[in-house]
Amino acid sequence: MTYKIAVLPGDGIGPEVMREALKILDVVERKSGVKFQTKFGHIGGEAYDKFGTPLPEETKKLCFDSNAVLLGSVGGSKWDSLPPHLKPEIGGLLALRKSLKLYANLRPIKVYRSLISISPLSEGVLKDGVDLITVRELSLGVYFGEPRGMDEEKGYDTMVYDRKTVEKIARVAFETARNRRKKVTSVDKANVLYSSIYWRKVVEEVAKDYPDVTLQHMYVDNAAMQLILNPSQFDVILTTNMFGDILSDESAALAGSLGMLPSASLGEKVNLYEPAGGSAPDIAGKNIANPIAQILSLAMMLEFSFNMVDVARKIEKAVEMVIEEGYRTRDIAEIPEKAISTSEMGDRICEKLEVIW
Ligand code: NAD
């Protein structure tokens with residue numbers, strides 16, 4: 001079996017952290033016997049500099065011809081004054097996301113015990129551990145519902161959810177829960193919004209196919225509060241486009257650094273995996289960025305695109321063990337002088353993965 005992976009390092013810290021993720025992929029290939037064919041493509045500012053466009057046709061074709069896309073990040077002040085369609089973020093990444101027809105965004109958040117001190121929440125709140133994943137619907141809701149527009153008198157948007165869309169995203173959440181602690185919290189505003197009443201009805205219908213998974217409903221205002229008061233209660237949070245946009249950023253804050261947070265976006269045919277953070281121009285080129293978000297994005301790719309769930313768990317375990325042993329990049333270090341480099345963090349996770357395989 002050979003899996004084809006489009007590798008798009010992009011701008012800023014993208015190439016540095018991607019290098020470390022690919023070291024992990026080498027270990028996985030050697031240990032598992034599964035073959036991965038990686039092909040590099042250009043995206044973002046660096047693509048604009050070379051080809052005059054942040055998303056060359058060749059890159060799109062590479063992505064469509066692959067089984068998965070592993071992306072670094074795009075953007076930087078050098079390209080901020082370009083018109084929108086040439087900007088790395090809009091003409092590059094957003095355009096790629098659109099052409100892949102992404103419909104679900106998955107963002108896991110884990111607060112490691114030894115990193116509780118860098119979280120903005122207190123030890124008392126975090127003592128039971130935080131290990132949750134937000135499954136956000138990406139294709140509809142108030143961001144895309146019609147009619148939408150603005151005139152001299154008003155601005156308006158339409159929040160709409162149809163059966164097909166809710167069923168599809170609910171299945172992603174229930175399937176994800178099956179590989180975790182088997183609990184789905186569906187977040188809506190069914191006390192006020194018709195689209196949420198409908199959402200809740202369809203989620204309940206889908207739940208009947210997953211009797212091994214516990215379903216709980218929660219209003220979004222309460223969910224926002226519960227994430228701060230008692231985040232340990234959550235396993236899988238299933239929610240709409242806008243509520244997910246807000247709650248996934250809120251929960252990201254719990255981990256203390258963007259450098260720890262991976263993401264996956266599921267598409268019609270090809271999924272996209274990328275760190276939750278950006279290109280971090282302030283630290284780019286210094287070998288000090290945290291590669292863990294990129295490495296965990298690779299683990300998500302193995303789990304969600306290639307069904308290598310055990311291998312994904314092994315990578316997560318290796319990351320956790322290296323952190324528990326006290327190794328830190330600068331963003332998560334309490335004593336900056338003791339921080340290790342991007343490449344050393346990658347090497348240590350590789351070594352650990354070899355040991356625990
Ligand atoms: P950012 O996420 O790049 O950085 C915010 C802060 O987090 C910075 O202090 C940065 O050093 C830190 N950080 C982020 N990732 C890190 C890592 N792996 N290790 C250590 N520290 C890390 O957000 P920003 O500064 O608002 O944006 C910078 C550029 O990135 C902009 O051009 C923006 O448009 C772009 N951006 C791209 C994406 C993407 O490619 N998906 C997402 C967000 C922002």
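Just so it is clear, the structure is predicted and the values come from calculations on it, not from any experiment.

Asker: Please provide a residue-by-residue account of helix α4 (residues 88-99), values included.
Answerer: Helix length check: α4, at 12 residues, gives a terminal C-alpha distance of 15 Å against a target of 16 Å (1.5 Å per residue), a fit within 8%. All of the buried residues in α4 are Pro 88, Gly 91, Gly 92, Leu 93 and Leu 96. Viewed end-on, α4 has its buried residues packed into an arc of 160°, placing them on one side of the element. As for α4, its buried residues are in contact with β1 (2-10), α2 (45-51), α3 (57-64), β3 (68-73) and β12 (271-275).

Asker: Kindly report on the domain arrangement of the protein chain, identifying the contributing residues and their values.
Answerer: Taken domain by domain, the protein chain holds domain 1 (1-103 + 258-357) and domain 2 (120-255). Just the C-alpha atoms count here: the centres of domain 1 and domain 2 sit 25 Å apart. Of the residues lining the interface, 11 residues belong to domain 1; the matching set on domain 2 comes to 12 residues. The three residues of domain 1 that bury the most area against domain 2 are Tyr 103, Leu 261 and Phe 304, which together make up 54% of that side's buried surface. The interface formed by domain 1 and domain 2 includes one salt bridge. Here Glu 268 and Lys 168 are joined by a salt bridge, their closest N and O atoms 3.0 Å apart. At the boundary of domain 1 with domain 2, the tally comes to three residue pairs in polar contact (both at pLDDT 80 or more). Tallied by class, residues from the side of domain 1 that touches domain 2 come to seven nonpolar, one polar and three charged.

Asker: Please give an account of the packing of aromatic side chains that cites residues and values.
Answerer: In the structure shown here, the tally under the stated rule is five aromatic pairs. Between Tyr 3 and Phe 306, the ring centres sit 3.9 Å apart and the planes meet at 10°, which makes this aromatic pair stacked. Taken together, the residues span a long stretch of sequence, with Tyr 3 in strand β1 and Phe 306 in the loop between α10 (292-304) and α11 (309-324) at a distance of 303 residues. Assigned by exposure class, Tyr 3 and Phe 306 land together as buried. Grouped by ring-pair contacts, the aromatic residues Tyr 3, Phe 36 and Phe 306 constitute a single cluster. Sitting over the face of the ring of Tyr 103, Lys 168 holds its NZ or CZ atom 4.1 Å from the ring centroid.

Asker: An account of the side chain of Gln 233 is requested, with residue identities and associated values reported.
Answerer: Mapping Gln 233 onto the fold places it in the loop between α8 (220-229) and β10 (236-239). For Gln 233, the residues in contact, after removing those within four places along its chain, are Lys 183, Gln 216, Met 218 and Gln 226.

Asker: I'd love a proper account of the site of the ligand, names of residues and values included.
Answerer: Taken together, 21 residues form the shell around the ligand, and within it Val 74, Glu 89, Gly 278, Ala 280 and Asn 290 come nearest. Note that an oxygen atom of the ligand is positioned 2.7 Å from one of the backbone N or O atoms of Gly 278. Ala 280 is positioned such that a nitrogen or oxygen atom in its backbone is 2.8 Å from an oxygen atom of the ligand. Across the complex, the protein chains shield 67% of the 800 Å² of accessible surface that the ligand would expose by itself. It is α4 that contributes the most residues to the shell around the ligand, three residues altogether. Classifying every residue of the shell around the ligand gives eight nonpolar, eight polar and five charged.

Thresholds applied
- Each chain carries its own residue numbering, running from 1 in the direction its sequence is written.
- Side-chain atom pairs in this predicted model are given and counted only at pLDDT of 80 or more, local residue features only at pLDDT of at least 70, and totals for whole chains, interfaces and linings cover all residues.
- To obtain the side-chain values, all non-hydrogen atoms of the structure were used and water was disregarded.
- Helix numbers and strand numbers start at the N terminus; a helix is a DSSP run of H or I with at least 4 residues, a strand a run of E with at least 2.
- By this rule, a helix spans an expected 1.5 Å times one less than how many residues it contains.
- Using a 1.4 Å probe on the protein chains alone, a residue whose accessible area is under 20% of its type maximum counts as buried, one over 50% counts as exposed, and one in between counts as partly exposed.
- Summarising the geometry, the arc corresponds to the directions from the helix axis toward the C-beta atoms.
- Contact definition: two residues touch when any of their heavy atoms are within 4.5 Å.
- What marks off one domain from the next here is an automatic or database domain assignment.
- Once two parts are put together, the accessible area they lose, assessed with a 1.4 Å probe and summed over both, is termed the buried area.
- By salt bridge we mean one thing: a side-chain nitrogen of Lys or Arg within 4 Å of a carboxyl oxygen of Asp or Glu.
- Under this definition, polar contacts are N or O atom pairs within 3.5 Å; protein pairs additionally need one hydrogen-donor-capable and one acceptor-capable atom, and for neighbouring residues in sequence, both atoms have to be side-chain atoms.
- For this classification, the nonpolar set comprises Ala, Val, Leu, Ile, Met, Phe, Trp, Tyr, Cys and Pro, the charged set comprises Asp, Glu, Lys and Arg, and every other residue, Gly included, is treated as polar.
- Here a Phe, Tyr or Trp ring, Trp counted by its six-membered ring, pairs with any other such ring whose centre lies within 6.5 Å, and the pair is stacked when the planes are under 30 degrees apart, edge-to-face when over 60, and tilted otherwise.
- Two conditions define a charge sitting above a ring: the NZ of Lys or the CZ of Arg must be within 6 Å of the ring centre, and it must be within 35 degrees of the ring normal.
- A molecule or strand has a residue near it when one of that residue's heavy atoms lies within 4 Å.
- Surface accessibility follows the Shrake-Rupley procedure with a 1.4 Å probe radius. Residue values consider only the protein chains on display as shielding.

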